[in-house]
Amino acid sequence: MGSDAVGTTSLKSSAYVKAAGWGRGLSTLLRITRMNLRHPWQVALAIGSTMVAVILQLLIPQLLGRAVDQTQVAIGGSVTVTAAEQALWTPALLLLGASTLRGLFTMAQNYFAEAVGHRVAYELRLACYDKVQRLSFSFHDRVHSGDLITLGILDLDGVRMYFSTALVRFFLLTMLIGIGACMMISTDPVLGLIALSFVPFVAWRSSVTQLKLRAIWLDLQERLSVLGRVMEENFAGIRVVRAFSAQAYEMAKFDIASTNALELAHEQVDVYVPNTSAMTLAFFVAMGLVLWIGCDKLIAGQISVGTLTTFLTFMTILQMPVRQIGLMVNGFARAYTCGSRLFSLLDQDITIGDASGARPLEIGEGTLRFDNVSFAYPGTGNRVILKNITFCARRGETIAIVGPPGSGKSTMAHLIPRFYDVTGGTIMVDGQDIRGVTLASLRKAVAVVQQDAFLFTTTIENNIAYGDPWAKEQPIERASESAQLHNYILGLPAGYKTVVGERGASLSGGQRQRLTIARTMMLRPSIVVFDDSTAAIDAATEQRIRAAIRRFAKDRVTIIIAHRLSSLKHADRILFVDNGEIVERGTHQELLAKRGRYKALYDLQLRPGDDIATTFGGAP
Amino acid sequence: MAKRHANELEIEPNDSGRRPPRAVVGSHRIEEEIFGRAFDKNIIRRIWAFVRPYRAMAVVSLAALLIFTGTQLLIPLIIRYAIDHAITPAGADASALLEAAVAFALAILVNFGAAYAQETVVGKMAENVLFDIRRAMFAHLQKVSLSFMDKTEVGRLMSRLQGDVNSIHEFLENSIYSVGDIALLFGIIFVMLSVNFSLGFLTLSVLPALLIIRIVWLPRAREAFMAAQETNSVVNGALAEAIQGVRTVQSMDRQYVNFVLYDDKAHADLTTHLTAARYAQVMVPIVDGLTGLAMAVVIVVGGSMIMNGRVDVGVLVAYIFYIQRFFDPIRSLTLQYSVMQRAMASGKRLTDVLDVRIEIQDKPDARILAPEMDGSVEFRSVTFGYDPKQPVLKNVSFRVNPGETVALVGPTGSGKSSAMALVHRFYDVQQGQVLVGGHDVRDLTQESLGTQIAMVLQEPFLFTGTVFENIRYHKTEATREKVIEAAKVVGAHDFIMRLPDRYETQLGERGGNLSLGQRQLVSFARALVADAKILVLDEATASIDSYTEMVIQKALRKLLEGRTALVIAHRLATIRGADRIIVLQNGQVIETGNHEKLMAMGGLYSKLYNLNYSSFDDIPEEEADPTGQAASRT
């Protein structure tokens with residue numbers, strides 16, 4: 001499957017899955033079945049136990065019937081009461097044995113069915129995790145992270161449940177109803193048919209109900225997540241709410257979301273209750289008929305009281321499993337939609353990976369060269385983001401890239417470690433095309449300090465050593481000193497062991513950026529790119545970080561993308577980018593002398609207030 | 001798939017000393033107490049307050065439930081009656097059979113009706129109570145003091161409003177069904193004993209065995225289930241983290257290490273689930289074995305009673321029916337214990353939220369701040385601290401005249417933001433007074449005060465929704481023209497028109513698809529639409545690119561036109577443009593005047609200004625340090 005065939009929508013909506021048709025659905029189910037069969041012993045044990053358990057279960061009504069009949073023997077007077085009493089021990093013990101054994105085999109059936117599911121889930125988890133980690137940035141740009149998480153949690157669960165809720169249950173129900181029906185009908189065709197009469201109705205109602213409930217459930221989850229979002233945003237933005245005295249408005253927003261969800265919750269009840277009640281009624285109607293006609297036959301002497309007992313207990317045994325037909329249908333339907341979505345992720349092509357025969361990058365002089373590079377984001381057609389970018393940077397040099405927002409600065413940074421592949425031209429490191437070297441070696445050599453720092457939920461220490469988990473304490477502390485973070489960390493209650501990230505202590509934007517800088521400094525890369533990574537750090541701290549970076553820059557190529565021109569002044573070369581092209585290049589002095597775009601920007605920034613101060617709020 | 005272990009990672013050649021990497025994926029949640037006491041009178045009372053409005057429904061459902069249970073008990077008895085009359089040696093009694101058929105038909109119709117009524121009513125009532133509790137909490141949180149909201153994590157509140165209310169819901173539903181279970185259990189016991197005491201007694205003797213096994217089994221099984229839940233949340237958390245942090249993972253080339261670590265977590269999850277499955281399934285043969293035993297007893301003992309003519313065969317059949325039902329109530333009742341423990345722990349946390357005191361309330365005779373008021377703001381000897389023992393504002397007095405723009409300037413922690421919060425009465429002062437339009441803010445309704453004061457916060461916070469909805473925000477009466485007009489004034493119109501759906505463009509979470517500068521402009525437009533006489537503004541500190549900066553300064557000028565403004569200023573451009581500058585240090589006003597006057601004074605302001613930073617926040621701490629030279633000179 002091509003990567004283009006599967007876009008955001010396919011992973012998100014079931015519309016795509018539905019359009020794929022039954023052939024595709026069947027192949028999905030077959031694929032899950034094959035995954036189950038990779039655990040042949042457990043599958044065999046589960047199915048085998050199911051069969052034994054079903055047969056034992058069907059024996060129970062027979063044994064009960066026989067026992068009941070035996071109690072009548074003495075009344076006929078053919079045997080003595082004592083002998084008849086003695087004879088009762090046989091069916092009683094058989095019953096105890098059959099029931100206990102059925103329990104044991106049902107236990108085995110359920111356990112191995114669960115085990116197969118969990119083992120498949122384990123394998124799928126690893127496959128998903130691996131895939132997610134290796135899919136390129138453009139995939140992750142396209143697919144919403146929330147959808148991907150849902151896929152890896154809920155859809156994976158749907159596939160896991162396939163074996164126990166769909167496949168094993170299919171065997172169980174077919175055998176139970178099939179063999180049971182044969183036994184009943186062969187005993188007494190009329191009573192047998194009446195006893196089974198509720199089965200088609202319940203099978204139909206429970207299937208329809210389950211599918212409907214699932215649709216409602218999915219919708220309800222959606223509405224609950226809207227409600228959750230209303231509440232969460234209210235709390236996170238409580239100052240805005242209070243500042244505008246918007247409590248009443250927020251209550252109204254809450255009430256709408258809440259009512260919407262409540263309506264569906266009620267609908268759930270409205271769908272569930274009439275259907276289950278009707279199913280129970282259908283069952284009892286059939287039982288009533290069995291009882292009535294059975295008693296008639298009993299009076300006529302056509303059947304014994306034991307046979308009637310057999311029919312009645314058979315019905316009670318059948319009642320719950322027949323209701324589960326709906327769950328089974330739902331199990332198949334769920335596995336089919338969840339599986340399709342999950343496999344469409346697992347079948348994604350990895351567009352950025354090692355070329356065949358890729359060799360590790362060899363760093364010699366440490367020269368980075370952009371040669372006539374052009375770029376457009378995949379899937380955006382001809383919207384060219386970068387065109388004809390050519391420049392060269394040697395070890396020890398600092399290159400600064402400036403330009404208006406959206407000019408393509410960050411994109412340039414993202415091309416070097418191959419977060420995206422160029423659409424034209426080449427990028428070379430020491431004469432080697434970066435597409436010809438292994439990804440791991442390239443990303444070891446090239447580090448990008450990102451704008452939005454991501455913190456993992458773990459200690460600060462682990463976060464700093466993220467790229468070098470075997471690092472000792474000293475280099476970690478040194479890196480955090482350079483990033484002006486050391487003193488702050490020491491002030492925290494647990495120091496470097498403080499847990500940060502989503503579930504830990506929160507850091508300010510500036511602190512996060514400093515942590516990211518420290519994290520990158522740990523890597524000792526040959527080429528380092530600072531992608532607007534100091535925006536949230538105050539200028540003074542930035543100065544000190546710059547000084548540290550300059551010491552750090554001697555052995556490498558440094559590329560800086562930043563807004564504050566003061567932080568770029570010392571660069572060896574400044575590239576002014578506009579609209580995807582380099583329009584001016586040179587040192588700070590040269591560019592000022594040119595009196596072009598750079599100079600205009602510089603003037604704007606040097607005296608931002610001058611034009612404003614004269615007009616703004618001046619004394620009335 | 002081959003199993004890999006994290007300790008393999010230690011062999012990596014990176015380091016001579018073999019120690020595990022400083023790396024984890026997925027983290028354990030900081031768990032809250034899930035199980036406490038199973039019964040707490042106070043909590044029950046509080047929950048009851050929410051059920052009270054539906055007590056009629058509760059009574060109806062209980063009645064329906066008891067009727068339902070009654071029919072369940074009755075059906076085997078009708079079967080017995082039918083069978084006994086069908087095989088009477090004296091010859092079948094046709095009318096008795098018809099009676100039985102009618103009784104059966106009635107019983108199942110009543111059963112249908114009762115089940116329908118009871119499940120519908122219980123289901124809906126429990127949902128209603130759940131939504132009511134949530135609404136009450138949400139409404140309460142709209143009124144509690146900001147200091148409570150500041151110190152409570154959003155995630156924690158969300159788990160109150162989602163997880164905890166759900167366990168109350170579960171509790172309510174289960175409680176009603178438990179009543180049914182108890183009724184069924186005692187009903188079966190009663191019927192079995194009264195039909196034939198000795199046979200009933202012998203059959204029922206297996207019940208305590210199951211009860212004891214369940215009680216021994218329950219705590220162990222619960223532990224296994226919780227372990228499975230915990231490992232599951234860890235693997236899911238690890239996956240979510242890998243997805244959200246994928247850009248960092250890839251750029252740091254951590255895929256391999258992470259995969260191996262994840263494998264460990266996933267494998268642990270597999271193991272705990274298999275253990276949990278073993279615990280869950282072990283009950284199956286026990287229940288089945290005990291059922292078989294009870295049946296064997298009925299057959300041997302009951303059979304011989306039949307032969308001796310002490311009971312009819314119908315009794316035997318009825319008993320077989322009862323035996324198949326009497327383990328169910330025990331199973332659900334033992335589970336109900338855990339449900340109750342969970343509900344009490346949740347209920348405690350819910351009432352804790354509902355009981356947070358509302359500190360700032362309108363006085364009974366609070367006045368409405370008229371829109372015609374002059375728009376002045378005055379601080380009179382204000383002393384305030386979040387902790388009264390540590391005031392952040394000490395005896396601060398100043399006045400902002402109608403239409404004037406006053407800049408508050410000072411190092412971090414000087415009390416600027418607190419002063420801003422007091423104007424809106426987010427907190428109450430400890431001493432002195434804050435006056436708006438000549439009225440003490442404590443004498444005004446909060447609602448009217450909020451309408452006359454527009455605030456722009458340092459961090460622009462946007463809500464999920466369209467651009468239009470964000471600019472309009474609570475002013476639902478604002479027309480589209482008015483919104484576009486405001487956007488044009490602050491210079492946001494151009495970029496909005498370039499968005500895919502213009503004003504109807506959906507903003508991502510927190511306005512994620514807009515840049516910081518753009519979000520700032522939208523928040524300015526929002527303040528403009530609010531159309532208040534007084535503007536309180538905290539200037540953003542983060543540096544934005546010069547192009548956007550220029551637009552923002554222009555927008556600011558428009559925003560301040562014709563309003564009284566109190567600005568926490570960081571940028572020199574803003575500060576110099578103000579009519580008056582108030583320099584705060586350590587919670588005290590140390591200098592006031594316009595730029596020229598303050599420069600002439602040669603105090604802290606002029607010193608800071610002469611350092612030549614474009615923003616006061618950029619000044620290194622040691623230079624702005626109040627205990628340093630700067631302070632000693634003033």
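Residues numbered from 1 in each chain as written. Chains lettered and ligands numbered in written order. Predicted model: local features only at pLDDT ≥ 70, side-chain atom pairs only at ≥ 80, totals over all residues. Heavy atoms only, no water.

**Things to note about the overall build of chain A**
Here is step 1 of the chain: Within chain A one finds 22 helices and 10 strands.
Here is step 2 of the chain: Counting every position in chain A, which comprises 620 residues, the buried fraction comes to 57%.
Here is step 3 of the chain: If you take every contact in chain A between residues at least 6 apart in sequence, the share linking residues at least 24 apart comes to 79%. (Helix = DSSP H or I, 4+ residues; strand = E, 2+ residues; numbered from the N terminus. Buried < 20%, exposed > 50% of the residue type's maximum accessible area, 1.4 Å probe, protein only. Contact = heavy atoms within 4.5 Å.)

**Overview of the UniProt feature "transmembrane region" (unreviewed entry) in chain B**
Residues and elements named next belong to chain B.
Here is step 1 of the chain: UniProt records the feature "transmembrane region" (unreviewed entry) for residues 56-83, 95-117, 176-193, 199-217 and 286-307 in the present numbering.
Here is step 2 of the chain: Secondary structure within residues 56-83 divides into 100% helix and 0% strand; the distance between the first and last C-alpha atoms comes to 41 Å.
Here is step 3 of the chain: Secondary structure across residues 199-217 comprises 95% helix and 0% strand; the distance between its end C-alpha atoms is 29 Å. (UniProt positions renumbered as here; feature names shortened; annotations may be inferred.)

**What to know about the interface of chain B and chain A**
Here is step 1 of the chain: The partner chain A presents 154 residues to the 158 residues of chain B that form the contact.
Here is step 2 of the chain: Summing the contributions of chain B and of chain A, the shared interface buries around 14,600 Å²; its carbon and sulfur component is 68%.
Here is step 3 of the chain: A salt bridge links R102 of chain A to D288 of chain B; the shortest N-O distance between them is 2.8 Å.
Here is step 4 of the chain: Inspection of the chain B/chain A interface yields 33 residue pairs in polar contact (both at pLDDT 80 or more).
Here is step 5 of the chain: Broken down by element, the residue count for the side of chain B that touches chain A peaks at 31 residues, all from helix α9 (residues 255-307) of chain B.
Here is step 6 of the chain: The residue inventory of the side of chain B that touches chain A, partitioned by class, reads 84 nonpolar, 42 polar and 32 charged. (Buried area = accessible area lost by both parts, 1.4 Å probe. Salt bridge = Lys/Arg side-chain N within 4 Å of Asp/Glu carboxyl O. Polar contact = N/O pair within 3.5 Å; in protein donor to acceptor, adjacent residues only side chain to side chain. Nonpolar A, V, L, I, M, F, W, Y, C, P; charged D, E, K, R; others polar.)

**Focus on the sheet that holds strand β6 (residues 453-456) of chain B**
Residues and elements named next belong to chain B.
Here is step 1 of the chain: On the basis of which strands lie adjacent, the open sheet formed by 6 strands has the order β6-β9-β10-β3-β11-β12 and mixed pairing. Strand pairing shows two members of the sheet lacking a second neighbour, β6 and β12 (588-593), which therefore form its edges. Strand-to-strand twist of the sheet, defined as the mean angle between neighbouring strand axes without regard to direction, takes the value 20°.
Here is step 2 of the chain: Examined bridge by bridge, β6 and strand β9 (residues 534-538) share 4 bridges and lie parallel to one another. Opposite A454, over in β9, you have L535 as the bridge partner.
Here is step 3 of the chain: Running over the sheet, helix α12 (residues 416-423) touches β3 (405-409), β6, β9, β10 (564-568) and β11 (580-585) and is turned about 150° from β9.
Here is step 4 of the chain: Here helix α17 (residues 516-530) sits on the sheet and contacts β6 and β9; the angle it forms with β6, its principal contact strand, is near 180°. (Pairing = 2+ DSSP bridges. Axes fitted to C-alpha atoms, helices over the stretch in contact; angles between N-to-C directions.)

**Notes on the sheet that holds strand β1 (residues 377-384) of chain B**
Here is step 1 of the chain: The 4 strands lie next to each other as β2-β1-β4-β5 (chain B), forming an open sheet whose pairing is antiparallel. Two strands lie at the open edges of the sheet, namely β2 (393-400) and β5 (439-440) of chain B, each paired on one side alone.

**Topic: the pattern of salt bridges**
Here is step 1 of the chain: In the structure shown here, the tally under the stated rule is 34 salt bridges over all chains.
Here is step 2 of the chain: A salt bridge links E461 of chain A to K497 of chain A; the shortest N-O distance between them is 2.9 Å. Of this pair, E461 of chain A sits in helix α15 (residues 460-464) while K497 of chain A sits in the loop between α17 (486-491) and α18 (509-521), and the two are 36 residues apart along the sequence.
Here is step 3 of the chain: In this structure, E378 of chain B and R380 of chain B form a salt bridge, with 3.3 Å as the shortest nitrogen-oxygen distance.
Here is step 4 of the chain: Owing to a relative accessible area of 18%, E378 of chain B belongs among the buried residues under this scheme.
Here is step 5 of the chain: Among the charged side chains, a salt-bridge network with shared partners connects R160, D164 and R349 of chain B.

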